[in-house]
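Examination of the molecular architecture
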Amino acid sequence: MRGEIKVILPLICYFLMQPVNLHTIPIDRLSLPLLFEQHIEAAVLRLDNIHPIISGNKWFKLRYYLEEAKKQNKKNIVTFGGAWSNHIVATAAACNMNNFNCTGIIRGEEPSTLSKTLLQAAGYGMKLVFTDRQQYKEKKIPAVISNEENFIIPAGGYGILGTAGAATILDHCQKEQYTHICCAVGTGTMMSGLIQGSVPGNLIIGISVLKNTFDTEKNIQSLLLKEQNNFQIIHDYHFGGYARKKYELTAFMNTFYRQTGIPSDFVYTGKLFFGIIDMLQKKAFFPGSRLLIIHSGGLQGNRSLENGTLIF
Ligand SMILES: *Cc1c(COP(=O)(O)O)cnc(C)c1O
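From a predicted model like this one, the values you see are computed outputs, not experimental measurements.

Okay, the overall build of the protein chain next. When you go through the protein chain residue by residue, the secondary structure sums to 10 helices and 11 strands. By principal-axis analysis of the C-alpha atoms, the protein chain measures approximately 60 × 45 × 35 Å. By residue count, 56% of the 312 residues in the protein chain fall in the buried class. Accessible surface computed for the protein chain: about 14300 Å², of which carbon and sulfur atoms make up 52%. In the protein chain, 31 side chains carry a positive charge and 23 a negative one; their mean positions are 2 Å apart.

Time to look at the nonpolar core. Judged by nonpolar contacts, the single largest core of 56 residues is most densely connected at Ile77, Ile169, Met191, Leu194, Leu292 and Ile294. If one sorts the elements of this core by residue count, helix H3 (residues 86-97) sits on top with 7 residues. Excluding residues that lie within four positions of it along the chain, Met191 makes contacts with Cys183, Val185, Ile204, Ile205, Gly206, Ile220, Phe231, Gln232 and Ile233. Core analysis: the second largest hydrophobic core is formed by 36 residues, Leu30, Leu249, Tyr268 and Ile293 among them.

In an α-helix, one turn spans 3.6 residues, which is why side chains three or four residues apart end up on the same side. If you check helix H2 (residues 57-71), its first and last C-alpha atoms are 23 Å apart, about what 15 residues at 1.5 Å a residue would give, namely 21 Å. At Arg63, H2 shows its maximal bend, which comes to roughly 35 degrees. Within the sequence span of H2, burial applies to Asn57, Lys58, Trp59, Phe60, Lys61, Leu62, Tyr65, Leu66 and Ala69. Along its buried surface, H2 packs onto strand S4 (76-81), H3, strand S7 (150-153), helix H6 (160-167) and helix H7 (189-197). Where H2 terminates, the next one or two residues include Asn73, which has phi positive at roughly 60 degrees.

It is worth spelling out the site of the ligand at this point. Neighbouring residues of the ligand: 14 residues in total, closest Lys58, Lys61, Gly186, Thr187 and Ser296. At a separation of 3.3 Å, an oxygen atom of the ligand approaches a polar backbone atom of Thr189. In the model, a nitrogen atom of the ligand is placed 2.7 Å from a nitrogen or oxygen of the Ser296 side chain. In the complex, the protein chains occlude 98% of the 380 Å² of accessible area that the ligand would expose alone. Those elements giving two or more residues to the shell around the ligand turn out to be H2 and H7. In terms of residue count, H2 provides more of the shell around the ligand than any other element does, 3 residues in total. Partitioning the shell around the ligand into residue classes produces 3 nonpolar, 9 polar and 2 charged.

Turning our eyes to something else, we now look at the side chain of His51. Within the fold, His51 resides in the loop between strand S3 (41-46) and H2. If we ignore the near neighbours within four places in the chain, the residues touching His51 are Met17, Gln18, Pro19, Val20 and Met97.

For the structure on display, the rule yields 0 disulfides. Of all cysteine sulfurs, the one in Cys182 lies closest to Cys173, which takes part in no disulfide; the gap is 12 Å.

When we look at burial in H6, the residues that qualify are Gly162, Thr163, Gly165, Ala166 and Ala167. In this fold, the buried residues of H6 make contact with H2, H7 and helix H8 (216-223).

This part is about the pattern of salt bridges. Applying the stated criterion to the full structure yields 5 salt bridges. Arg46 is the salt-bridge partner of Asp28, the closest N and O atoms lying 2.8 Å from each other. Of this pair, Asp28 sits in strand S2 (residues 27-29) while Arg46 sits in strand S3, and the two are 18 residues apart along the sequence. By relative accessible area, which is 25% here, Asp28 ends up partly exposed. By relative accessible area, which is 8% here, Arg46 ends up buried. A salt bridge links Lys282 to Asp278; the nearest nitrogen and oxygen atoms lie 2.7 Å apart. A single salt-bridge network, built from bridges that share partners, covers Asp28, Arg46 and Asp48.

For the structure shown, the criterion picks out 9 aromatic pairs. Taken together, a centroid distance of 4.5 Å and an interplanar angle of 25 degrees make the contact between Phe256 and Phe273 stacked. With Phe256 in helix H9 (residues 247-260) and Phe273 in helix H10 (residues 269-281), this pair connects stretches of sequence that are 17 residues apart. Comparing Phe256 with Phe273 shows no difference in burial state: the two are buried. Linked through ring pairs, Tyr237, Phe239, Phe252, Phe256, Phe273 and Phe274 together constitute an aromatic cluster. Directly above the aromatic system of Tyr268 lies the positively charged group of Lys58, at a separation of 5.4 Å from the ring centroid. One Lys or Arg, Lys245, reaches over the ring of Phe266 and ends 5.0 Å from the middle of that ring.

How each quantity is defined
Numbers given to residues run from 1 along each chain, matching the order in which its sequence is written. Thresholds applied to this predicted model are a pLDDT of at least 70 for local features of residues and 80 or more for the giving and counting of side-chain atom pairs; totals over whole chains, interfaces and linings are not thresholded and use all residues. Excluded from the side-chain calculations are hydrogens and water; all other atoms, namely the structure's heavy atoms, are used. Runs of H or I in DSSP of at least four residues are treated as helices and runs of E of at least two as strands, each being numbered from the N terminus. A simple rule labels every residue: compare its accessible area, found with a 1.4 Å probe on the protein chains alone, to the largest value its type can have, and call it buried under 20%, exposed over 50%, or partly exposed in between. Reported accessibility uses the Shrake-Rupley method at a 1.4 Å probe radius. Residues are deemed covered only where the shown protein chains occlude them. Charge counting follows a simple rule: Lys and Arg are positive, Asp and Glu are negative, and His as well as the terminal groups are ignored. One atom stands in for each charge, and that atom is NZ of Lys, CZ of Arg, CG of Asp or CD of Glu. Think of a nonpolar core as a cluster: buried Ala, Val, Leu, Ile, Met, Phe, Trp, Tyr and Cys residues, connected wherever their side-chain atoms sit within 4.5 Å. We call two residues contacting when some pair of their heavy atoms lies within 4.5 Å. Each helix should span, by expectation, one fewer than its residue count multiplied by 1.5 Å. Given a residue, its bend is the angle between the two axes fitted to the seven residues that end at it and to the seven that start from it. We call a residue near a given molecule or strand whenever any one of its heavy atoms falls within 4 Å of it. Two N or O atoms form a polar contact when they lie within 3.5 Å of each other; inside protein one atom must be a possible hydrogen donor and the other a possible acceptor, and for residues adjacent in sequence the pair counts only when both atoms belong to side chains. In the scheme used here, Gly and all other residues not listed as nonpolar or charged are polar, with Ala, Val, Leu, Ile, Met, Phe, Trp, Tyr, Cys and Pro taken as nonpolar and Asp, Glu, Lys and Arg as charged. What counts as a disulfide here is a pair of cysteine sulfur atoms lying within 2.5 Å. Definition used for salt bridges: Asp or Glu carboxyl oxygen within 4 Å of a side-chain nitrogen of Lys or Arg. We call Phe, Tyr and Trp rings a pair once their centres come within 6.5 Å, taking the six-membered ring for Trp, and we label the pair stacked below 30 degrees between planes, edge-to-face above 60, and tilted otherwise. Two thresholds decide whether a charge sits over a ring: the Lys NZ or Arg CZ must be within 6 Å of the ring centre and within 35 degrees of the ring normal.

As structure tokens, then:
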């Protein structure tokens, strides 16, 4: 029913929370014939390894929001997302770790069975509030949970603090070495952080996972502290749009895993790796290029796939 709001109270916390490990983020060198032939080097920064749950870029995007909430003495974090959202489960886990209460405003009516992602978020103590799509779009905070102890984090961590956090991703590699830094692009917050954290000589290449969202460039500029033009978004690898997939994509993800041992997800990093490999095949990078590909983690989406689709 339109306007109806369903609240699910947190489940008992049964997960043991491991700390985030930023000390040893692996950088895996890819060895593919395609690279040797063109005298190109490529390495993958494995942000998917920093934590089993808060994987990838989400922790980086959240870090300064949580610091700010602490500074402002807020007790409850409120954020937004869909049923398979990496951001929702990452926020739930990060709040659990940092002793915040948290509420997730979930797009759509309450399903008869919760997605694994939402169950897990509830397991970390997140209160789930379901709103219909129209209210969600308007980003209204439902009256049942509005009070001044709340600190709001925009969906996907989009915003200046998210960007500042994402800029610190590049502290975990020798960024001067690379000619290109490649990432998946949803809201563009991570990409704007990579641009902000980049040094002269880095070109940031973003593979958009959304269809025809040509505002992303503008959104990224608006998140940057100063105008920058060392970036480019590629709009050719969305596979039909956000969280859409084709057999060609999941088949590629399996092949890529066989060749490199690197798992990916069909929402973000699968499209990223597909795009970069396809661009390499089309000779989009000059000989001598040194690529850093950001594995932004986030394997949540794969949990919605039929068993057996992926080999990892
Ligand atoms: C959220 C997410 C992204 C997109 O990040 P934005 O900052 O919204 O562009 C990319 N990769 C993974 C794995 C994600 O979970």
